[in-house]
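Listed below, chain by chain, are the residues.
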Amino acid sequence: MSAERIATDVPARADIVVIGGGPAGLAAATEAARRGAAVVLLDEQPALGGQVYRAVEANRARGKTLDADYAEGGRLVDAFRASGALAIHEASVWLVEPDGTVGFSRAGAATLMKAERVIVATGAVERAMPIPGWTLPGVMTVGAAQILLKTAGLVPQGRVWIAGSGPLLRLYAVQALAAGGQLAGIIDTTPPGNRRAALRHMGGAMGALGELRKGLAWTQAIRQAGVPWITGAHDLRAEADDDGALGTISFTADGARRSEPADTLLLHNGVVPNVQITRALDIEHDWNQTQRAFRPRCDAWGSTSVPAVMIAGDGAGIVGAAASAIAGRLAALESLRALGRLDQAARDDAAAPLRRALARALAIRPFLDALFAPSPEYLVPAGETIVCRCEEVTASALRQAVSLGCLGPNQLKSFTRCGMGPCQGRICGLTVAEVIASARGASVADVGYYRLRFPIKPLTLGELAAVHAPADPTAPR
Amino acid sequence: MSDTSRDKVTEAGVAVIGGGMVGSALAYGLAKRGANVVLLDEGDIAYRAARGNFGLVWTQSKGDGMPAYAAWSLASAAAWPDFAEAMASAAGRSIGYEQRGGLVFCVGDAERDQRAAQLRRLHNQRDDAAPVATMLDRKALHDLMPRTPLGPQVVAASYAPGDGHVNPLYLLRGLHAAIRRHGGRHAPGAAVTQIVPTGGGFTLTRADGAMLRADRIVIAAGVATTRLAAMVDIAAPVRPQRGQIMVTERLAPLLPLPASALRQSAEGSVMIGVSVEEVGLDTGTTVKELARMAARALTVLPVLAEARMTRAWGALRPMTPDGFPAYAQSSTYPGAFVATCHSGVTLAAIHAEALAPAILAGRLPDGFEPFHPRRFDVRTAA
Amino acid sequence: MFARPHSDTPHLTITVDGQPVGAREGDSVAAALLAAGVVAMRSTPVSQSKRGPYCMMGVCFDCLMIIDGVPSRQACMVSVRDGMRIERQRGPRPLEVDTEDSP
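A short tour of the structure in this document, coming up. (Residues numbered from 1 in each chain as written. Chains lettered and ligands numbered in written order. Predicted model: local features only at pLDDT ≥ 70, side-chain atom pairs only at ≥ 80, totals over all residues. Heavy atoms only, no water.)

### Structural notes on helix H8 (residues 348–361) of chain B
Residues and elements named next belong to chain B.
Point 1. The terminal C-alpha atoms of H8, which comprises 14 residues, lie 19 Å apart, in line with the 20 Å expected from a rise of 1.5 Å per residue.
Point 2. Considering bend angle alone, the principal kink of H8 is centred on Leu355 and spans about 35°; proline Pro357 follows within four residues of it.
Point 3. Among all positions of H8, only Ala348, Ala349, Ile350, His351, Ala352, Leu355, Ala356, Ala358 and Ile359 are buried.
Point 4. Considering only its buried residues, H8 is in contact with helix H1 (21–32), helix H2 (67–91), helix H5 (168–181), strand S11 (211–219), strand S16 (326–329) and strand S17 (336–340). (Helix = DSSP H or I, 4+ residues; strand = E, 2+ residues; numbered from the N terminus. Expected span 1.5 Å × (residues − 1). Bend = angle between axes of the 7 residues up to and from the residue. Buried < 20%, exposed > 50% of the residue type's maximum accessible area, 1.4 Å probe, protein only. Contact = heavy atoms within 4.5 Å.)

Here is the structure:
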């Protein structure tokens, strides 16, 4: 428990600490640093880009650009590199205090850094898609497969099935096929009624014709490649082979039960804001019924009830990469104003064109939200389906705890250990709230969410103890 | 069955206010003996000391300055094995109870000497036989736990063979299930805001506006006890005292016996406690305090440095001014009882098996005078 | 299953439970193993059931492995280095316990 647990090569203070190296974080850091602020960007990954632009620089160097949208990430990274902001990679943030103190670990060394402002740009995570057998090795998310494609150039091969709903599912299929991958089929769980609901938002989406065309082109490309596309599927299950890994999938479509051999099953059920930091700060969260997710309460700049903390990008509600980058710049402008680096008029002048661009980027959102509204079947799993992957707690165990008087996720956690494992409720949080709400006949908004606490990410006791007294951490009180 | 807004209890023989460790154990003991019981619990977010409990069933160190409390704790520990069996049966699963002895580690000679002196004091205030705890030197500790790699600064520990530990969350779950099994009712989301003595009984108003009439009431509401007890003319000073606790990922077996502020649960996670802070109703955590606790734990077990901590929380102990339990029946309004303590796990067995029958009989047990909160009354004490 | 395009020949070597596996610079440990056909990477401390990577972005903690002797590391978050020693983590993680401790 010696000095190596305290990092020495990072500054102890910064004007602005940005957490997350995706579009919102890159744009926020760039905007603030260009205008003279001392900015540190903390990112968990080994390279800039976040999930949407994962490994964008490495791929560009290899001459691999997936598509024009992905190439945009390269421009964001270039601008960041030229801005003077400092990026710290492989930094696992485990603390954000209301006063702007940020604690993180890197290679086993813990650091506390003090910022005047913290911009949380931790983006989105994929919504859980709990089906029977989803914990088997070989069942992954579509996002996971896309990360494999971007970071390691891996393409799907053999009997790889995709199941679920959402734009990412289509985008990945197109990217994987273009890279030479094989897909056994796509099992589309989008509820058939969504299409009609989405048409009501068509008017707004016309402002984003390019986006609409892109979606249609994806669908066309998948069909042209001859990949079977099964719609209206339900009761999807993954079953184990003799080795305890995925061997078969089964589902019901067109009234018939089908069973197919499978090496890999890729699930996708949309994306939701990553709320671990904003929850730990006790910022109020509001339930968004359309996106079926909680999002932290913030104003149009990203300011929250905690003055030193702002939010930008998908973490404040799903908006997509282009809108996230704009939101990052807006949060940076307001941070600079709060720090006295920019007067209000200058902030508003700089923000005006950004707000117009943001409105354009958001035009398609109501259409997408309606078209890909998640199927209730995969929001509220039945029977012995595991909900909490870490502690292996099933949906029926949760329902039993509700019948014993658990009104919300926090009591339920203590009755069942649900959400107590290393992922700290990241995967099961929304499913737990949905299951309780459905069992109680209450709204998810009333049921609420886990109260999250320090640490935001697990850290070793050695790292934690070193923060206490680097000189002599073994001294008793 | 569960009480919801659609299905409200309006009459009860005994209403127990507070669904934590004390209230639940009493409601179980009452229901088991045939009382018509309703347990009035709060909602999902409450100042639940029961949820933040460290889970020790502990007798060593208890009652320094109040022999009655030491005896009461020992009696409860003795009742625990049978009680644990009943709880496991009700919960339908193990509640992680083990009674293989407990330790208080001493880091350095000064701690060892202090601890030994305290044990002597505790022993001297009891007139009966065997000491509750003895001191073990490092060699004896090693013989007791040969595979536990204690840090070099650990020179000794006190050891009480009758001490043990339990998963407090499964205990609470077992209590709630057992209350139902014996015909009692559990009403979650039913915080009580007002108590009005009426015609030999009591009318309770819930936060949601619903009313309940009960012949008898037990106030076991943790940090809310003072306010509610005043409504039946009992002065029961209780303040919140924060204890922070953290817990690691599940680890392979490492520490076979529970220790004060350090225990490995049946699931494998190591719990590290526990701070003592006067911060009002703040259930937050502080890195400073947790880092200090981690450093202390690493002194005892240096290999824990590589273990990842996954959760931390602050819980509020309901503390009386002297730290001992307070039990009383209102002399103005007989039938109204108060029960509060911060050792609800250790005392759960005796609360269910001795205090509950006394409440049912309408009279606190003999020898309970030292527990009456009038000991805090400055007018009588002066 | 996943495959690398033929142009991408691995040039680093890591070991998994003692068996050599090729990897490419920039791979995470989890990606390198998946490319080599290794899908199950640990068993759970709760039921000893097998698990593999699920999210690949540090969220799910299902790819915990013993990497260069350090248990419970997220294989999707650690970049490969030549010669890295990877072991599957079975059940609850061990600590580096020195049983030679003497009183």
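### A closer look at the interface of chain A and chain B
When the parts come together, some accessible area is lost, and that loss is often what is quoted as the size of the interface.
Point 1. Contact with chain A, which involves 42 residues of that partner, is made by 48 residues of chain B.
Point 2. Of the roughly 3,900 Å² buried between chain A and chain B, counting both surfaces, carbon and sulfur atoms make up 60%.
Point 3. Our count for the chain A to chain B interface comes out at two salt bridges.
Point 4. When the shortest N-O distance is used, the salt bridge between Arg250 of chain B and Glu391 of chain A registers 2.2 Å.
Point 5. At the junction of chain A and chain B, the tally comes to 14 residue pairs in polar contact (both at pLDDT 80 or more).
Point 6. Of all the secondary-structure elements, those providing two or more residues to the side of chain A that touches chain B are helix H13 (395–403), helix H14 (409–416), strand S23 (459–460) and helix H17 (461–468) of chain A.
Point 7. By residue number, the principal contributor to the side of chain A that touches chain B is H14 of chain A, which donates seven residues.
Point 8. Each residue belonging to the side of chain A that touches chain B can be placed in one class, and the counts come to 19 nonpolar, 14 polar and nine charged.
Point 9. Both S23 of chain A and strand S15 (residues 308–319) of chain B contribute to a ladder of two bridges, which runs antiparallel. When the bridges of S15 of chain B are listed, Thr460 of chain A appears paired with Arg308 of chain B. (Buried area = accessible area lost by both parts, 1.4 Å probe. Salt bridge = Lys/Arg side-chain N within 4 Å of Asp/Glu carboxyl O. Polar contact = N/O pair within 3.5 Å; in protein donor to acceptor, adjacent residues only side chain to side chain. Nonpolar A, V, L, I, M, F, W, Y, C, P; charged D, E, K, R; others polar. Pairing = 2+ DSSP bridges.)

### Some thoughts on the nonpolar core
Point 1. By size, the foremost hydrophobic cluster in this structure holds 165 residues, and its most contacted members are Leu265 of chain A, Trp80, Phe83 and Leu171 of chain B together with Leu33 and Met56 of chain C.
Point 2. Setting aside its immediate chain neighbours within four residues, Trp80 of chain B contacts Val57, Ile95, Tyr97, Val166, Leu171, Val345, Thr346, Ala348 and Ala349 of chain B.
Point 3. Counting residues in each nonpolar core, the second largest holds 45 residues, with Trp94 of chain A together with Leu257, Met293 and Leu301 of chain B among its members. (Core = buried A, V, L, I, M, F, W, Y, C linked by side-chain atoms within 4.5 Å.)

### Examining the side chain of Asp62 of chain C
Point 1. Within the fold, Asp62 of chain C resides in the loop between strand S5 (50–51) and strand S6 (64–67).
Point 2. Its relative accessible area of 1% is what places Asp62 of chain C among the buried residues.

### Section: unusual backbone geometry
Point 1. Here the residue pair Phe454 of chain A and Pro455 of chain A is connected by a cis peptide bond, since its omega of 0° sits within 30 degrees of zero.
Point 2. Its identity as a non-glycine residue notwithstanding, Glu392 of chain A has a phi of 55°, on the positive side.
Point 3. Here Glu392 of chain A is to be found in the loop between strand S21 (386–388) and strand S22 (393–394).
Point 4. With a phi angle near 65°, Asp233 of chain B is a residue other than glycine that sits in the positive phi range.
Point 5. Looking at the secondary structure, you find Asp233 of chain B in the loop between helix H6 (225–230) and strand S12 (239–250).

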